[in-house]
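Chain by chain, the residues run as shown.
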Amino acid sequence: MTQSPQDVQLKAELTGDVALVTGANRGIGAELADLGATVYAGARDTADITATNQHAVKLDVSDDEEINSAIDRIAEGHGSLDILVNNAGVFFRSGPLREMKRADYDRTMAVNLRSPSR
């Protein structure tokens with residue numbers, strides 16, 4: 001039986017939950033932290049993570065070693081991962097697809113298409 005959106009029970013608070021937000025150099029992690037979650041903010045450059053209520057973790061979602069390292073760090077620190085927000089994405093402004101450089105196309109597919117399904 002499929003639940004309709006109005007049947008899904010959302011949690012009012014996330015106290016005790018551990019979250020990983022990829023591409024976290026914006027504000028999604030802050031919202032989760034405000035609800036009580038322990039937030040790991042994954043970004044290619046951890047200097048981009050300036051929120052004091054988040055743990056910065058180096059994470060390029062197209063790199064298997066960095067993915068494994070981030071998951072290991074979370075497991076060592078908290079034992080589990082309860083929430084995953086696949087927020088990382090890239091977009092190259094190179095005009096029509098046929099004019100896109102091969103390296104830009106490959107990077108776009110690695111980050112936007114393959115990484116969320118790993």
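Shown above is the structure to which this text applies.
Residues numbered from 1 in each chain as written. Predicted model: local features only at pLDDT ≥ 70, side-chain atom pairs only at ≥ 80, totals over all residues. Heavy atoms only, no water.

A.B. asks: Now, about the pairing of strand 2 (residues 38–43): what can you tell me, with residues and values included?
C.D. replies: Extensive coverage of strand 2 is indicated by the burial of five of its six residues. As paired strands, strand 1 (residues 18–22) and strand 2 are joined by five bridges and run parallel to one another. Along strand 2, the bridge assignment pairs Ala19 with Val39. The pairing of strand 2 with strand 3 (residues 54–58) spans five bridges and is parallel. Bridged to Tyr40 within strand 3 is His55. (Buried < 20%, exposed > 50% of the residue type's maximum accessible area, 1.4 Å probe, protein only. Helix = DSSP H or I, 4+ residues; strand = E, 2+ residues; numbered from the N terminus. Pairing = 2+ DSSP bridges.)

A.B. asks: Tell me about the nonpolar core, residues and numbers included.
C.D. replies: Ranked by size, the top nonpolar core spans 12 residues in total: Leu14, Ala19, Val21, Ala24, Leu32, Ala33, Ala37, Val39, Ala41, Ala43, Ile49 and Ile83. Ranked by residue count, the leading element in this core is strand 2, at three residues. With 10 residues, the next largest nonpolar core counts Val18, Leu20, Val57 and Ala70 among its residues. (Core = buried A, V, L, I, M, F, W, Y, C linked by side-chain atoms within 4.5 Å.)

A.B. asks: How would you explain a nonpolar patch on the surface if you had to name every residue and give the values?
C.D. replies: Together, Ile71, Leu81 and Leu84 give the surface a local cluster of nonpolar side chains, amounting to about 240 Å² of exposed area. Mapped onto the elements, Leu81 comes out in the loop between helix 2 (64–78) and strand 4 (83–85). (Patch = residues over 30% accessible without salt bridge, like charges linked within 9 Å, V, L, I, M, F, W, Y side chains within 5 Å. Areas by Shrake-Rupley, 256 points an atom, 1.4 Å probe, with all protein chains shown as cover. Salt bridge = Lys/Arg side-chain N within 4 Å of Asp/Glu carboxyl O.)

A.B. asks: Go over the environment of Ala70 with me, naming the residues and quoting the values.
C.D. replies: Relative to the assigned elements, Ala70 resides in helix 2. The exposure class of Ala70 is buried, given its relative accessible area of 1%. For the pair Ala70 and Ile28, spaced 42 residues apart in sequence, the C-alpha to C-alpha distance is 18 Å.

A.B. asks: Tell me about the sheet that holds strand 3, and name the residues and values.
C.D. replies: With parallel pairing, the four strands of this open sheet are ordered in space as 3-2-1-4. Two strands lie at the open edges of the sheet, namely strand 3 and strand 4, each paired on one side alone. Taken over all neighbouring pairs, the strand axes of this sheet differ in orientation by 20 degrees on average, direction set aside. (Axes fitted to C-alpha atoms, helices over the stretch in contact; angles between N-to-C directions.)

A.B. asks: Explain the pattern of salt bridges to me, using residue names and the numbers behind them.
C.D. replies: A complete count under the given rule lists three salt bridges for this structure. Between Lys58 and Glu66 there is a salt bridge, with its nearest N and O atoms 3.7 Å apart. On the accessibility criterion, Lys58 (46% relative accessible area) is partly exposed. For Glu66, a relative accessible area of 17% translates into the label buried.

A.B. asks: Could you give an account of the pairing of strand 1, naming the residues involved and the relevant values?
C.D. replies: Burial analysis of strand 1 places five of its five residues in the buried class, which makes it a mostly covered element. Of the two faces of strand 1, the one lined by Val18, Leu20 and Thr22 and the one lined by Ala19 and Val21 are each fully buried.

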